[in-house]
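Spelled out from the first residue to the last, the chains are:
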Amino acid sequence: AECVSGCVCPEGLFDDGKGGCVQEKDCPCSHNNQQYSPGEKITVDCNTCTCQKGDWSCTKDVCYGTCMIYGSGHYITFDGKFYDFDGSCEYVATQDFCGDKNSSGSFSIITENVPCGTTGVTCSKAIKIFLGVSSDTQCIYISMQNKDYKEIQRDNGDDVKYWNRTVGLYLVIEASNGVMLIWDKKTTVFIKLTPDYKGKVCGLCGNFDDKSNNDFTTRNGLQETNALKFGNSWKQSSMCPDVTEEIKPCDVKPHRKSWAEKECSIIRSEVFKICHSKVDPTPFYEACVHDACSCDSGGDCECFCSAVAAYAQECTKAQACVFWRTPDIC
């Protein structure tokens, strides 16, 4: 609760939210329903906030943008637009040469989607990173699939250095041009870009200009409202068929629906209560049910766990840490 004058406190003192009265300099701050004392610090995204006189004083650093691709065709763009696209092909996830065919850039990230069940939905099977990309050279090509990755040196054209490391479950690739890719070695990938790329990228991850209403910009620069038309425009090969209708796996496999809804209800439960006011659980719950219905050829639990982990990740970004994994759940 915000520290304000309380009617029971003498003049010049303030309610501390615990039934006591303190001077203004000693007022606590609140975050995620927790109280913090004056001088205590928290981290919000890439900024540090300090409790001062009952209010948070935060640094104003511009943070990395993040695009997430997970499960069976779920995308959250750099600007926070959530949509589904089930295409079976290679697609441009994001790149920094857009529009003019002769324009140069420093990277391109391609996602290869393949069917991940019998209902027709697709999952990202492989992620390919091209570093030092210009109109006619491909310097470094990194392919990540089957829980491993390989590097292919094509040309020493541009001097883009990169590093890879393992952090917990994730493989992290970071490049000197401000591109970072985090992969869970399954079906979830996070693409992070420095603020230098704001408004300069294109692809399924949107244009990173802090506006989500123009994220559906096609390869030829047109604004679309339909996710399927937008997604189709970013396929790498004209030989791949266009996606013409949204797949609803719970309609195709209705016997799985009740199980999927029961399992995914954890997202809407008390377990994630601290996050509900910060990150809307509805699209993540619906995506979880979608995935739990679609993974009908093995990997049921893996699909469910990835879907819940995606919501937990967004909660963590919003500074609502949830400890949801148990010996019985994922």
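In the block above lies the structure referred to throughout.
Below is a short write-up of the structure. Worth saying up front: this structure is predicted, and the values here are computed from it rather than measured.

1. What about the overall build of the chain?
Okay, so step 1: From N to C terminus, the chain includes 6 helices and 19 strands.
Okay, so step 2: Across the 330 residues of the chain, 48% fall into the buried class.
Okay, so step 3: For the chain, long-range pairs separated by at least 24 residues make up 49% of all intrachain contacts whose partners lie at least 6 apart in sequence.

2. Some points on the nonpolar core
A general tendency of soluble globular proteins is for nonpolar side chains to be buried together.
Okay, so step 1: One finds Ile 109, Ile 191 and Leu 193 to be the most contacted residues of the largest nonpolar core, which totals 41 residues.
Okay, so step 2: For this core, the elements supplying multiple residues, two or more each, are β8 (65-70), β11 (90-95), β12 (107-115), β13 (122-131), β17 (170-175), β18 (179-183), β19 (189-193) and α1 (227-232).
Okay, so step 3: With 4 residues, the top contributor of residues to this core is β13.
Okay, so step 4: Residues within four places of Leu 193 in sequence aside, it is in contact with Tyr 64, Gly 65, Phe 78, Thr 94, Phe 107, Gly 178, Val 179, Val 201 and Phe 208.
Okay, so step 5: Membership of the second largest hydrophobic core comes to 33 residues, among which are Met 68, Phe 190, Tyr 285 and Val 308.

3. Considering the sheet that holds strand β6 (residues 47-52)
Okay, so step 1: The antiparallel open sheet is built from 3 strands, whose spatial order is β5-β6-β7. The open sheet has two free edges, formed respectively by β5 (41-44) and β7 (55-58), since each of these has just one partner strand. Looking at each pair of strands side by side, their axes are set apart by 35° on average, direction ignored.
Okay, so step 2: Pairing of β5 with β6 involves 4 bridges; the strand directions are antiparallel. Of the residues in β6, the one forming a bridge with Lys 41 is Thr 50.

4. Things to note about the pattern of salt bridges
A side chain with one charge may pair with a side chain of the opposite charge, provided their charged atoms come close.
Okay, so step 1: All chains considered together, the criterion is met by 7 salt bridges.
Okay, so step 2: Ionic pairing is found between Lys 128 and Glu 90, a salt bridge with its closest N-O pair at 2.6 Å. In this pair, Lys 128 sits in strand β13 while Glu 90 sits in strand β11, placing the two residues 38 residues apart along the sequence.
Okay, so step 3: Measuring nitrogen to oxygen at the nearest pair gives 4.0 Å for the salt bridge that ties Glu 263 to Lys 262.
Okay, so step 4: A relative accessible area of 61% places Lys 262 in the exposed class.

5. A few points about the packing of aromatic side chains
Okay, so step 1: For the coordinates displayed, the defined rule picks out 13 aromatic pairs.
Okay, so step 2: When the ring of Phe 82 is compared with that of Phe 284, the centres are 5.1 Å apart and the planes differ by 90°; the resulting orientation is edge-to-face. Taken as a pair, Phe 82 in strand β10 (residues 82-84) and Phe 284 in helix α5 (residues 282-294) lie far apart in primary sequence, 202 residues in all.
Okay, so step 3: Exposure remark for Phe 284: the relative accessible area of 4% places this residue in the buried category.
Okay, so step 4: Seen in terms of ring centroids, Phe 272 and Tyr 311 are 5.2 Å apart; in terms of plane orientation they differ by 50°. Their pairing is tilted.

6. A few points about unusual backbone geometry
Okay, so step 1: The residue Lys 53 is not glycine, and still its phi comes out positive at about 55°.
Okay, so step 2: By the secondary structure assignment, Lys 53 is in the loop between β6 and β7.
Okay, so step 3: Non-glycine residue Cys 330 carries a positive phi angle of around 55°.
Okay, so step 4: Here Cys 330 is to be found in the segment after α6 (300-317).

7. Considerations on the state of the cysteines
Simply put, the disulfide is a covalent bond whose two ends are the sulfur atoms of two cysteines.
Okay, so step 1: All told, the structure shown has 9 disulfides when counted by the stated rule.
Okay, so step 2: At a sulfur-sulfur separation of 2.1 Å, the disulfide partner of Cys 98 is Cys 202. Disulfide Cys 98-Cys 202: torsion about the S-S bond near -95°, hence left-handed. With a gap of 104 residues between them, Cys 98 in the loop between β11 and β12 and Cys 202 in the loop between β19 and α1 connect regions that are remote in the sequence.
Okay, so step 3: A residue is classified by how much of its surface remains accessible, and Cys 202, at 11% relative accessible area, is buried.

Cut-offs used in this document
- Residues numbered from 1 in each chain as written.
- Predicted model: local features only at pLDDT ≥ 70, side-chain atom pairs only at ≥ 80, totals over all residues.
- Heavy atoms only, no water.
- Helix = DSSP H or I, 4+ residues; strand = E, 2+ residues; numbered from the N terminus.
- Buried < 20%, exposed > 50% of the residue type's maximum accessible area, 1.4 Å probe, protein only.
- Contact = heavy atoms within 4.5 Å.
- Core = buried A, V, L, I, M, F, W, Y, C linked by side-chain atoms within 4.5 Å.
- Pairing = 2+ DSSP bridges.
- Axes fitted to C-alpha atoms, helices over the stretch in contact; angles between N-to-C directions.
- Salt bridge = Lys/Arg side-chain N within 4 Å of Asp/Glu carboxyl O.
- Phe/Tyr/Trp six-rings, centres within 6.5 Å; stacked < 30°, edge-to-face > 60°.
- Disulfide = S-S within 2.5 Å.

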